[in-house]
Amino acid sequence: PSAMHDINLKPPPIRWSDIGGQDSVKKSLRRAVRLSTEKPEILSHFFDRPPKGFLLYGPPGCSKTMAAQAMATESGLNFFAVKGAELLNMYVGESERAVRRLFQRAREVAPSMIFFDEIDAIAGQRHGFGHGGGTGTSSSGGTSHGGLNVLTTLLNEMDGFEALSGVVVLAATNRPQALDPALLRPGRFDDLIYVSPPDHDARKAIFEGVAAKRKMARDVDVEVLAGLTEGYSGAEIKGICAAAGTAAYDRYMARTGEGLEGEEEMEMGVNMDDLEHAIR
Ligand code: ATP
């Protein structure tokens with residue numbers, strides 16, 4: 001079955017405030033939305049050629065996908081999302097059609113955004129390892145074709161649409177060095193947005209976000225936790241909180257067996273020990 005049937009998505013209701021830190025990423029994406037509907041006479045004051053394709057790049061688990069989802073939610077743009085690998089898993093010819101249809105649909109319902117997550121799957125170096133190493137035209141059925149034809153179709157679509165059509169095109173990768181340079185040429189994905197690992201304040205904000213929703217013991221100190229997690233991704237921090245939550249729940253299970261109530265029970269949330277243990 002074609003993945004195209006459910007490609008027009010309601011974005012998961014992620015908001016800017018769900019993302020700890022990353023202020024410059026949020027700002028760049030807000031600008032991208034604004035640019036897509038700005039008046040031409042205004043744009044001409046500032047740009048030779050306004051950017052239309054935006055590439056989020058950076059290490060895994062650091063909120064690239066989340067940022068794209070928040071952008072869609074907050075701006076109210078119609079949201080089309082597809083993963084690079086999904087396009088490769090279609091029959092030959094099908095993925096090219098899917099890409100063309102994606103752009104067509106997005107234009108029809110503009111203002112809208114198209115999000116290619118893990119774009120490296122279809123846009124790896126043409127002569128590097130991995131996808132597209134062959135001629136790209138010799139596949140004869142089945143689903144195991146390289147990404148070259150899909151990439152060519154994508155590049156054609158990028159070249160063919162106007163910056164001011166009300167369509168924002170976004171892609172994400174954690175392997176920017178593996179991308180075919182053709183993808184990054186002017187008029188394509190020429191606006192690069194680095195999504196860094198969370199800095200101290202961002203890590204603190206992520207812990208705070210979790211603390212606001214969970215039951216936390218009084219000794220939990222997000223400042224200290226941020227200090228202990230330098231170099232961790234947002235996903236890893238969420239993982240730490242999940243592990244700590246499990247540990248706290250185990251304790252709760254063990255002690256409610258003893259008929260615990262009231263004040264004592266209040267002390268049973270995730271505590272600093274659980275979190276530090278999970279970090280270690
Ligand atoms: P990948 O390159 O592996 O696809 P990604 O950069 O797209 O990763 P996301 O999928 O956006 O990362 O983030 C993974 C998970 O990590 C999110 O679902 C969220 O739980 C958590 N996360 C990452 N960064 C943050 C952040 N800044 N604030 C809150 N949660 C975050």
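This text gives an overview of the structure that appears in the document. (Residues numbered from 1 in each chain as written. Predicted model: local features only at pLDDT ≥ 70, side-chain atom pairs only at ≥ 80, totals over all residues. Heavy atoms only, no water.)

Glancing now at the overall build of the protein. On a plain count of helices and strands, the protein comes out with 12 helices and six strands. When the 280 residues of the protein are sorted by exposure, 45% land in the buried category. Residue pairs at least 24 apart in sequence account for 81% of intrachain contacts in the protein once pairs closer than 6 positions are excluded. Carbon and sulfur atoms make up 51% of the accessible area of the protein, which amounts to about 14,300 Å² in all. (Helix = DSSP H or I, 4+ residues; strand = E, 2+ residues; numbered from the N terminus. Buried < 20%, exposed > 50% of the residue type's maximum accessible area, 1.4 Å probe, protein only. Contact = heavy atoms within 4.5 Å. Areas by Shrake-Rupley, 256 points an atom, 1.4 Å probe, with all protein chains shown as cover.)

Bringing the site of the ligand into the picture now. Taken together, 15 residues surround the ligand, and among them Gly61, Lys64, Thr65, Met66 and Asn174 come closest. Side-chain polar atom of threonine 65 to an oxygen atom of the ligand: 2.6 Å apart, as the coordinates give it. A distance of 2.7 Å separates an oxygen atom of the ligand from a polar atom in the side chain of asparagine 174. Alone, the ligand offers 630 Å² of accessible surface; in the complex the protein occludes 78% of this. Every element with two or more residues in the shell around the ligand is listed here: helix H3 (64-75) and helix H10 (234-256). Here the shell around the ligand is composed, by residue class, of six nonpolar, six polar and three charged. (Near = heavy atom within 4 Å. Polar contact = N/O pair within 3.5 Å; in protein donor to acceptor, adjacent residues only side chain to side chain. Nonpolar A, V, L, I, M, F, W, Y, C, P; charged D, E, K, R; others polar.)

This brings us to a nonpolar patch on the surface. Side chains of Tyr249, Tyr252 and Met253 sit close together on the surface and give an oily, nonpolar patch of about 310 Å² of accessible area. When you line up the elements, methionine 253 lands in helix H10. (Patch = residues over 30% accessible without salt bridge, like charges linked within 9 Å, V, L, I, M, F, W, Y side chains within 5 Å. Salt bridge = Lys/Arg side-chain N within 4 Å of Asp/Glu carboxyl O.)

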